[in-house]
Amino acid sequence: MPKCVVAEDESLLREALLEQLNKAWPNLEIVAACDDGASALEAIIENQPDVAFLDIRMPGLTGIEIAEAMGESSPHTQIVFVTAYDQYAIDAFDKGAVDYLLKPVTYDRLSATVQRLRSRAIKDINAVASLLQQLNLGSGKNMQATFQGAQKSDPLVWLTASSGVETKLIMVDDVAYFKADNKYTVVMTAEGESLLRKPIRELLELLDTNIFKQIHRSTIVNLKAIASIARDDTGKGIVKLKTRPETLTVSQPFMVLFRNM
């Protein structure tokens, strides 16, 4: 049973979060529910939980300070920040946060976070199991390859991109599609476009390939953002999006992705 520490100094919000967690993750064991930063850090060090939900502004230690202290005392604990202030988002992810929830936390948003946490835990277990199996079966190149596979990074969860003079933090799940722009990449969301200073070929290696698919040499689409797809007379695909007015072209070689349409 996975263990969890919750830190929230406002009692009503703390109780609401605990209730939602109980519903979204029934087998999660809440080992401590704290109302200040110092007691939260003590609970984390003592219990070594699998996950910690941390408010950022709390008496004593802030959530960011707790995350810094956890680097050595409880390095395996996954962190989710819960706060009413979005200006801390970049700092939060720099501290290794899995997610960043803005108050008031909705049940659907929390459920998505729980799914992400559980997926990461399963990947970690599978990686360790695979490594142990390989250690039992052989050595040399096979062991080295398995070890490298176990250390492979998780898919990208968030990114920072520029929009005019602003730097925006964008959750990857909110991206409708990516479009190549010379050596940069345009990030398209429902709110508009931003510029990512990374070429699209490098970005593809960081994305979850079960969700993001290349449909053109210059376009990567979020499959969850697709409303419909149709073929034109040349065999190419025309993609309509749920949150964007423009359509995307699927070049013929990539139409195999939609062969069951």
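Residues numbered from 1 in each chain as written. Predicted model: local features only at pLDDT ≥ 70, side-chain atom pairs only at ≥ 80, totals over all residues. Heavy atoms only, no water.

Visitor: Go over the nonpolar core with me, naming the residues and quoting the values.
Guide: Formed by 20 residues in total, the largest nonpolar core has its most connected members in Ile 44, Leu 54, Ile 66, Met 70 and Phe 81. For this core, the elements supplying multiple residues, two or more each, are β1 (3–7), β2 (29–34), α2 (37–47), β3 (51–55), α3 (63–73) and β4 (78–83). Ignoring anything within four residues of it in the chain, the contact list for Ile 44 reads Val 5, Pro 49, Ala 52, Leu 54, Ile 66, Met 70 and Ser 74. Counting residues in each nonpolar core, the second largest holds 18 residues, with Leu 17, Ala 24, Val 51 and Val 105 among its members. (Core = buried A, V, L, I, M, F, W, Y, C linked by side-chain atoms within 4.5 Å. Buried < 20%, exposed > 50% of the residue type's maximum accessible area, 1.4 Å probe, protein only. Helix = DSSP H or I, 4+ residues; strand = E, 2+ residues; numbered from the N terminus. Contact = heavy atoms within 4.5 Å.)

Visitor: Could you give an account of the confidence of the model for the chain, naming the residues involved and the relevant values?
Guide: Keep in mind that low pLDDT regions are not for reading the predicted coordinates in detail. With 80% of its residues at a pLDDT of at least 70, the chain reaches an overall mean of 81. When pLDDT is averaged over each element of the chain, β1 comes out on top at 96 and helix α6 (residues 141–150) at the bottom at 40. Residue range residues 125–132 is modelled with pLDDT below 50. Its contacts to residues more than four positions away, or to other chains, number four contacts. Across residues 137–152 the pLDDT falls below 50, and counting only partners more than four positions away or on other chains, this stretch makes nine contacts in the model. (pLDDT = per-residue confidence, 0-100.)

Visitor: Could you give an account of the environment of Lys 242, naming the residues involved and the relevant values?
Guide: With respect to the helices and strands, Lys 242 occurs in the loop between β14 (237–241) and β15 (247–250). Residue classification places Lys 242 among the exposed residues on the basis of a relative accessible area of 57%. Considered as a pair, Lys 242 and Ala 227 are 15 residues apart in the sequence and their alpha carbons are 5.0 Å apart. Ignoring anything within four residues of it in the chain, the contact list for Lys 242 reads Lys 224, Ala 225, Ile 226 and Ala 227. From its side chain, Lys 242 meets the backbone oxygen of Lys 224 in a polar contact 3.0 Å long. (Polar contact = N/O pair within 3.5 Å; in protein donor to acceptor, adjacent residues only side chain to side chain.)

Visitor: Give me the environment of Lys 213: which residues, what numbers.
Guide: With respect to the helices, strands and loops of the structure, Lys 213 is situated in strand β11 (residues 212–216). By relative accessible area, Lys 213 is classed as partly exposed at 25%. Measuring from C-alpha to C-alpha, the distance between Lys 213 and Tyr 177 comes to 9.3 Å, with 36 residues separating the pair along the chain. If near-sequence neighbours (up to four positions away) are discounted, Lys 213 is found in contact with Thr 219, Ile 220, Val 221, Leu 223 and Leu 257.

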